[in-house]
Amino acid sequence: MRGMGNMQNMMKQMQKMQKKMAEAQEKLGEERIEGTAGGGAVSVVISGHKEVLEVKIDEAVVDPEDIETLQDLIVIATNDALTKVDELTSRTMGQFTKGLNIPGLF
């Protein structure tokens, strides 16, 4: 019978942890993270859930003769923002895994 009490206690702890994880993930979604390129000429703002929210382009970098550079700047700014989100997610959600690498969890 002793083992059942431990099991129930463990289940309660897991439920609390799941609730905290869900709250942390929700809070991440409310975050706005900005990535930039070209010294700030292009910026991309994404949510903590990796949704693009905003793209800003300084008109000085808009050259109809050189669309490729502008496209590259947008890609660089987007990837910068995504890298920052991944770092934020690792810091925020890593507290639940305590260094365990569980593929696909986050």
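Quick caveat, the model's predicted, so the values are computed rather than measured.

How should the overall build of the protein chain be read in this particular structure?
A tally of regular secondary structure across the protein chain gives two helices and three strands. Across the 106 residues that make up the protein chain, the buried fraction comes to 24%. Sequence separation of at least 24 residues holds for 49% of the intrachain contacts in the protein chain that already meet a minimum separation of 6. Total accessible area on the protein chain stands at roughly 7,900 Å², and carbon and sulfur atoms take up 53% of it.

Hey, could you run me through the pattern of salt bridges in this one?
Any two side chains of opposite charge can pair if their charged atoms end up close together. Following the criterion strictly, the structure yields four salt bridges and no others. Across the pair Glu-54 and Lys-56 runs a salt bridge, and its minimum N-O distance is 3.2 Å. Judged by its relative accessible area of 26%, Glu-54 falls in the partly exposed class. Connected through shared salt-bridge partners, Arg-32, Glu-54 and Lys-56 make up one network.

How should the side chain of Ser-43 be read in this particular structure?
Locating Ser-43 in the fold gives a position in strand E2 (residues 42-47). Separated by 3.2 Å, the side chains of Ser-43 and Glu-34 make a polar contact. Contacts of Ser-43, omitting those with residues within four sequence positions, involve Glu-34, Gly-35, Thr-36, Glu-54, Val-55, Lys-56 and Ala-77.

I tried to follow a negative patch on the surface on my own but got confused; where do I start?
A surface patch of negative charge is lined by Glu-23, Glu-26, Glu-30 and Glu-31. On the secondary structure map, Glu-30 appears in helix H1 (residues 2-30).

So what exactly am I meant to see when it comes to a nonpolar patch on the surface here?
Judged by side-chain polarity, Val-52, Val-55, Ile-57 and Val-62 come together as a nonpolar surface patch covering roughly 310 Å² of accessible area. Relative to the helices and strands, Ile-57 resides in strand E3 (residues 52-57). When its relative accessible area of 35% is taken as the criterion, Ile-57 is described as partly exposed.

Which parts of the structure should I look at to understand the nonpolar core?
Soluble globular proteins tend to bury their nonpolar side chains together. Counting 16 residues, the largest nonpolar core has Ile-33, Val-42, Ile-46, Ala-77, Met-93 and Phe-96 as its most contacted members. Sorting elements by how many residues they give to this core places helix H2 (residues 67-97) first, with eight residues.

Explanation requested: the sheet that holds E2 in the structure shown.
Across a sheet, strands are paired by hydrogen bonds formed along the backbone, either parallel or antiparallel in direction. Across the sheet, which stays open at both edges, the three strands sit in the order E1-E2-E3 with antiparallel pairing between neighbours. A single partner strand is all that each edge strand has here, and the edge strands are strand E1 (32-37) and E3. Averaged over all neighbouring strand pairs, the angle between strand axes comes to 15°, with direction disregarded. Strand direction decides the pairing type here: E1 and E2, joined by six bridges, are antiparallel.

I tried to follow unusual backbone geometry on my own but got confused; where do I start?
One non-glycine residue with positive phi stands out, namely Lys-50, at about 65°. Checked against the element boundaries, Lys-50 lands in the loop between E2 and E3. Overall, the relative accessible area of 44% leaves Lys-50 in the partly exposed class.

Parameters at a glance
Residues numbered from 1 in each chain as written. Predicted model: local features only at pLDDT ≥ 70, side-chain atom pairs only at ≥ 80, totals over all residues. Heavy atoms only, no water. Helix = DSSP H or I, 4+ residues; strand = E, 2+ residues; numbered from the N terminus. Buried < 20%, exposed > 50% of the residue type's maximum accessible area, 1.4 Å probe, protein only. Contact = heavy atoms within 4.5 Å. Areas by Shrake-Rupley, 256 points an atom, 1.4 Å probe, with all protein chains shown as cover. Salt bridge = Lys/Arg side-chain N within 4 Å of Asp/Glu carboxyl O. Polar contact = N/O pair within 3.5 Å; in protein donor to acceptor, adjacent residues only side chain to side chain. Patch = residues over 30% accessible without salt bridge, like charges linked within 9 Å, V, L, I, M, F, W, Y side chains within 5 Å. Lys, Arg positive; Asp, Glu negative; His and termini not counted. Charge placed at Lys NZ, Arg CZ, Asp CG, Glu CD. Core = buried A, V, L, I, M, F, W, Y, C linked by side-chain atoms within 4.5 Å. Pairing = 2+ DSSP bridges. Axes fitted to C-alpha atoms, helices over the stretch in contact; angles between N-to-C directions.

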